[in-house]
Amino acid sequence: MKADFLRLVLITLLLGAAAPTLAQSPPPARPPAVLTPVQAAFLQAEARRIEDAFVQKVMGISGASRSQVVRAIPAKGRLTDRLSRIYSSLERDLGAPLADEQKAMIFVAEGERKQALKELPALAATK
C-alpha cells in the first residue's frame, strides 16, 4: 500500500516536471503561402525598400558614402556575422574606428531591418 502511494507520488512528480517541456514545444510548421504575382512583386519591392532604408540609416550614422555601406554589407548567404563585417569594413574605409554610439545605432537599425523583413510575408499576403 505504501509502495503504491510512493509510486503515485513519483509518477505525479515526473509528469509535473515534464509538463512545462511538453507545453513549450513549437507549433507545427505551416506550409508557406502561395503568393499571387502582384503579391510577389510587392514583396520584392518592399524588401528592396527596407534594404535601401537600412543603407540610408547607416550612411547617416557613419558618414560613409552609399558605395562604402553597400560594399560593407556581406552578400546574402555568406557565413559571416553581418554586423561585425559592416563595422570592420566601414572602419577600414573611413580610416577611423566607429564610436560605440554609432555601433549601437547601426545595431538598432539592423534589428529594425530584420523585424520589417520578418513581417513582410504576412503583409504581402494581405495585398
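Small disclaimer: the values here were computed from a predicted structure and weren't measured.

The rules behind each value
Residues numbered from 1 in each chain as written. Predicted model: local features only at pLDDT ≥ 70, side-chain atom pairs only at ≥ 80, totals over all residues. Heavy atoms only, no water. Helix = DSSP H or I, 4+ residues; strand = E, 2+ residues; numbered from the N terminus. Buried < 20%, exposed > 50% of the residue type's maximum accessible area, 1.4 Å probe, protein only. Contact = heavy atoms within 4.5 Å. Salt bridge = Lys/Arg side-chain N within 4 Å of Asp/Glu carboxyl O. Phe/Tyr/Trp six-rings, centres within 6.5 Å; stacked < 30°, edge-to-face > 60°. Lys NZ or Arg CZ within 6 Å of the ring centre and 35° of its normal. Core = buried A, V, L, I, M, F, W, Y, C linked by side-chain atoms within 4.5 Å. Axes fitted to C-alpha atoms, helices over the stretch in contact; angles between N-to-C directions. Parallel < 35°, antiparallel > 145°, perpendicular 65-115°, else oblique. Left-handed = near helix turned anticlockwise from the far one by under 90°. Nonpolar A, V, L, I, M, F, W, Y, C, P; charged D, E, K, R; others polar.

Colleague: So what exactly am I meant to see when it comes to the overall build of the protein here?
Modeller: Helix and strand counts for the protein come out as five helices and zero strands. In the protein, the order of α-helices and β-strands from amino to carboxyl end is α-α-α-α-α. In the protein, buried positions account for 22% of the 127 residues. Taking contacts inside the protein between residues at least 6 apart in sequence as the whole, the part at least 24 apart equals 56%.

Colleague: Looking at this model, I keep getting lost on the pattern of salt bridges. Mind explaining?
Modeller: Pairing between side chains becomes possible if they bear opposite charge and their charged atoms approach one another. Tallied over the entire structure, the rule returns ten salt bridges. With its nearest N and O atoms 2.8 Å apart, the salt bridge here joins R113 to E51. Here R113 is found in helix 5 (residues 100-125), whereas its partner E51 is found in helix 2 (residues 37-62), with 62 residues between them in sequence. According to the relative accessible area criterion, R113 is buried, its value standing at 11%.

Colleague: Explanation requested: the environment of V58 in the structure shown.
Modeller: Relative to the elements of secondary structure, V58 occurs in helix 2. Here V58 falls in the buried class, since its relative accessible area comes to 1%. For V58, the residues in contact, after removing those within four places along its chain, are G63, V69, L90 and I106.

Colleague: Help me understand the packing of aromatic side chains, please; the structure alone is not making it clear to me.
Modeller: Where two aromatic rings form a pair, the distance of their centres and the angle of their planes describe that pair. Counting across every chain of the model gives zero aromatic pairs. The cationic tip of K103 hangs over the ring face of Y87; the distance from NZ or CZ to the ring centre is 5.6 Å. In this arrangement the basic side chain of R113 is found over the ring face of F54, its NZ or CZ atom lying 5.9 Å from the centre.

Colleague: Mind showing me how you'd approach the side chain of Q102 here?
Modeller: For Q102, the location among the structural elements is in helix 5. For Q102, a relative accessible area of 18% gives the class buried. In this structure Q102 touches I61 and S62, once residues within four positions along its chain are discounted.

Colleague: Is there a simple way to explain the nonpolar core in this structure?
Modeller: Across soluble globular proteins, nonpolar side chains have a tendency to be buried as a group. Among the nonpolar cores identified, the biggest contains 15 residues, and F54, V58, V69, I73, I86, L90 and I106 are the most heavily contacted of them. Residue assignment for this core shows that the elements contributing at least two residues are helix 2, helix 3 (66-72), helix 4 (82-94) and helix 5.

Colleague: Sorry, what's going on with the packing of helix 2 against helix 4 here?
Modeller: When two helices pack together, their arrangement is given by the angle between the helix axes and by the axis-to-axis distance. Viewed as axis vectors pointing N to C, helix 2 and helix 4 meet at an angle of 45°, and their least axial separation amounts to 12 Å. Considering the angle they form, helix 2 stands oblique to helix 4. Where helix 2 crosses over helix 4, the handedness of that crossing is right-handed. Packed against helix 2, whose contacting residues are E51, F54, V58 and S62, the element helix 4 presents R82, I86, L90 and L94 at the interface. The residue makeup of the contact of helix 2 with helix 4, split by class, is five nonpolar, one polar and two charged.

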